[in-house]
Amino acid sequence: MTLKTEHYVINVGPQHPSTHGVFRLRLTLDGEVIVDVEPIFGYLHRGMEKIAESRNYTKNIPLTDRLDYLTSMINNQAYCMAVEALLKIEVPERAQYIRVIMAELQRIASHLAGIGFFMNDLGAFSTPLLYMFREREKIVELFDMVCGQRLNYNYMRFGGVSMDLPEEFLPALNKLLSEFPGFIDEYDKLISSNEIMLVRSKGVGILTKELAINSSAAGPVLRGSGVKWDLRKDQPYSIYDRFDFDIPVGNNGDTYDRYLVRLEEMRQSVRIVKQAVEQIPEGEIIAKVSKLIRPPAGDVYTAVEGAKGELGFFIVADGTENPYRWHVRAPSLINLTALREMLVGWKVADLMAIFGSIDIVMGEVDR
């Protein structure tokens, strides 16, 4: 006797802290097994790219803070680099070093939040997440010290940065850099060999190398699949070619590898910041740039290695004070395109672990 079964459809989410009301999954299930996935998102209605076309170039810098609000410093840098390319502005050396320091601290802060919320998705609410936020708070305090903000920094400017480092900044940063490797070891000891973590993430949600490349995945999602691609090494920008650091990659492309890559990337970011602190010169922090700029007609695309992958800005200038077209290549959106392939064949219980391992922020998905 053959037992007749029928597929059924359920809606899941929002569940991840980043998807509050703006993202859900429509699953087609065969019992507990996922046979199809339809991601449904787009309810933030921010229209940020269109808004940017009605504002002048300088007033668009704060908009970039609000894309992935956990990587505002890197967003600032990517956008400023695009406009600087249009204007052919040369950024002073000291400003370049400050930008690198801020971007790598921001990468660490983003990975802390990403790993913390990933553990939250696995059901470990209090301990790992609060440990991560303990150190993230120290980085946020450094950002507050340098620009007076804790989330949307609006710190970088065309040609440099808005303010120089205050006297107390470098001593506080050096103290953090001396302590932070010990904190990473603590996370590693707490999480990496945890039995529940291993059972729920090793071999789960595998994204093959070929599929990762074909879906244009980037950042830890791509590198977790074994692809050694990082714009800081492969298309060096700013002054990254002056620093010695490694690009960690995964072996299996599973949920566990994506976690390990982020953990190791924090160690590498600490290496970069230490070198930048040792090398940072005195000097100007911003080039001489007109307050109201009108880039010549043309277009430009520049990209940086964001905490979640390649973050790019495509700008079309028409010679006026506003951009004619302003488009963002957002890693959270691109990395989501591989979600279906990562989920199909796995059980509902694996869904949140796999989804959490992508590490998305919806602010840059619906823009």
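Everything below is about the structure shown above.
First, a word on scope: everything that follows refers to the structure included in this document. (Residues numbered from 1 in each chain as written. Predicted model: local features only at pLDDT ≥ 70, side-chain atom pairs only at ≥ 80, totals over all residues. Heavy atoms only, no water.)

### Description of the overall build of the protein chain
Right, so step 1: Helix and strand counts for the protein chain come out as 14 helices and eight strands.
Right, so step 2: Its C-alpha radius of gyration of 21 Å places the protein chain within 12% of the 21 Å reference for a compact globule of 367 residues.
Right, so step 3: Each of the three principal axes of the protein chain carries a C-alpha extent, and together these read 80 × 45 × 35 Å.
Right, so step 4: The long-range share in the protein chain, meaning contacts at least 24 apart out of those at least 6 apart in sequence, stands at 71%.
Right, so step 5: Per element, the accessible surface of the protein chain, about 15,400 Å² overall, is 53% carbon and sulfur. (Helix = DSSP H or I, 4+ residues; strand = E, 2+ residues; numbered from the N terminus. Rg over C-alpha atoms; globule rule 2.2 N^0.38 Å. Contact = heavy atoms within 4.5 Å. Areas by Shrake-Rupley, 256 points an atom, 1.4 Å probe, with all protein chains shown as cover.)

### Considerations on the packing of helix H4 (residues 93-121) against helix H5 (residues 126-147)
Right, so step 1: One can describe the packing of H4 onto H5 by two numbers: an axis separation of 9 Å at closest approach and a directional angle of 155 degrees. On the basis of their axis angle, the class for H4 and H5 is roughly antiparallel. Regarding H4 and H5, the two cross each other, and that crossing is left-handed. Facing Met 102, Leu 105, Gln 106, Ile 108, Ala 109, Leu 112, Ala 113, Ile 115, Gly 116, Phe 117 and Met 119 of H4, the residues of H5 in contact are Pro 128, Leu 129, Met 132, Phe 133, Glu 135, Arg 136, Ile 139, Leu 142, Phe 143 and Val 146.
Right, so step 2: Partitioning the contact of H4 with H5 into residue classes produces 17 nonpolar, two polar and two charged. (Axes fitted to C-alpha atoms, helices over the stretch in contact; angles between N-to-C directions. Parallel < 35°, antiparallel > 145°, perpendicular 65-115°, else oblique. Left-handed = near helix turned anticlockwise from the far one by under 90°. Nonpolar A, V, L, I, M, F, W, Y, C, P; charged D, E, K, R; others polar.)

### Examining the environment of Asp 144
Right, so step 1: Structurally, Asp 144 can be placed in helix H5.
Right, so step 2: When neighbours within four sequence positions are excluded, Asp 144 is seen to be in contact with Gln 149 and Arg 150.

### Structural notes on the pattern of salt bridges
Right, so step 1: For the coordinates displayed, the defined rule picks out 28 salt bridges.
Right, so step 2: For Glu 49, the salt bridge goes to Arg 325, with nearest N and O atoms at 3.8 Å. Pair noted here: Glu 49 is in helix H1 (residues 48-52) and Arg 325 is in strand S8 (residues 323-329), with a separation of 276 residues, a long-range link.
Right, so step 3: The class of Arg 325 is partly exposed, set by a relative accessible area of 31%. (Salt bridge = Lys/Arg side-chain N within 4 Å of Asp/Glu carboxyl O. Buried < 20%, exposed > 50% of the residue type's maximum accessible area, 1.4 Å probe, protein only.)

### Overview of the nonpolar core
Right, so step 1: Met 102, Tyr 155 and Phe 180 are the most contacted members of the largest nonpolar core, which has 85 residues in total.
Right, so step 2: Each residue touching Tyr 155, except ones within four places of it in the same chain, is listed here: Met 73, Asn 76, Ile 98, Met 102, Val 146, Cys 147, Val 161, Ser 162, Met 163 and Leu 165.
Right, so step 3: Among the nonpolar cores identified, the runner-up in size contains 28 residues, and Val 221, Ala 338, Leu 351 and Met 362 belong to it. (Core = buried A, V, L, I, M, F, W, Y, C linked by side-chain atoms within 4.5 Å.)

### What to know about the sheet that holds strand S1 (residues 8-12)
Right, so step 1: Ordered by their spatial adjacency, three strands build an open sheet running S1-S2-S3, and the pairing between neighbours is antiparallel. In the strand order of this sheet, the two ends are held by S1 and strand S3 (33-41), each with one partner. In this sheet, neighbouring strand axes are inclined to one another by 25 degrees on average, regardless of whether the strands run parallel or antiparallel.
Right, so step 2: Judged from the eight bridges that link them, strand S2 (residues 23-30) and S3 form a sheet pairing that is antiparallel. Its bridge partner lying in S3, Arg 24 is registered against Ile 40. (Pairing = 2+ DSSP bridges.)

### Details of unusual backbone geometry
Right, so step 1: Its identity is not glycine, yet Asn 154 carries a phi of approximately 50 degrees, on the positive side.
Right, so step 2: Residue position: Asn 154 is located in the loop between H5 and strand S4 (156-157).
Right, so step 3: Judged by relative accessible area, which is 26%, Asn 154 ranks as partly exposed.
Right, so step 4: Of note in this structure, Ser 216 is not a glycine but carries a positive phi near 60 degrees.
Right, so step 5: Relative to the helices and strands, Ser 216 resides in the loop between helix H8 (209-214) and helix H9 (219-224).

### Quick notes on the sheet that holds strand S7 (residues 309-317)
Right, so step 1: Here three strands make up an open sheet; going across it, the order is S6-S7-S8 and the pairing antiparallel. The open sheet has two edge strands, strand S6 (298-306) and S8, and neither has a second partner. Here the strands of the sheet are splayed against their neighbours by 10 degrees on average, with no regard to which way each runs.
Right, so step 2: Relative to the sheet, helix H3 (residues 72-87) contacts S6, S7 and S8, its axis offset from that of S6 by approximately 150 degrees.

### Considering the state of the cysteines
Right, so step 1: Taken as a whole and assessed by the stated rule, the structure comprises zero disulfides.
Right, so step 2: Left without a disulfide partner, Cys 80 is nearest to the cysteine sulfur of Cys 147, which lies 13 Å away.
Right, so step 3: For Cys 147, a relative accessible area of 12% translates into the label buried. (Disulfide = S-S within 2.5 Å.)

### Section: H3
Right, so step 1: Here H3 spans 23 Å end to end across 16 residues, near enough to the 22 Å set by a 1.5 Å rise per residue.
Right, so step 2: Of all 16 residues making up H3, 14 are buried, and the element is well covered by its neighbours.
Right, so step 3: Two residues or fewer past H3, Lys 88 is found with a positive phi of approximately 55 degrees. (Expected span 1.5 Å × (residues − 1).)

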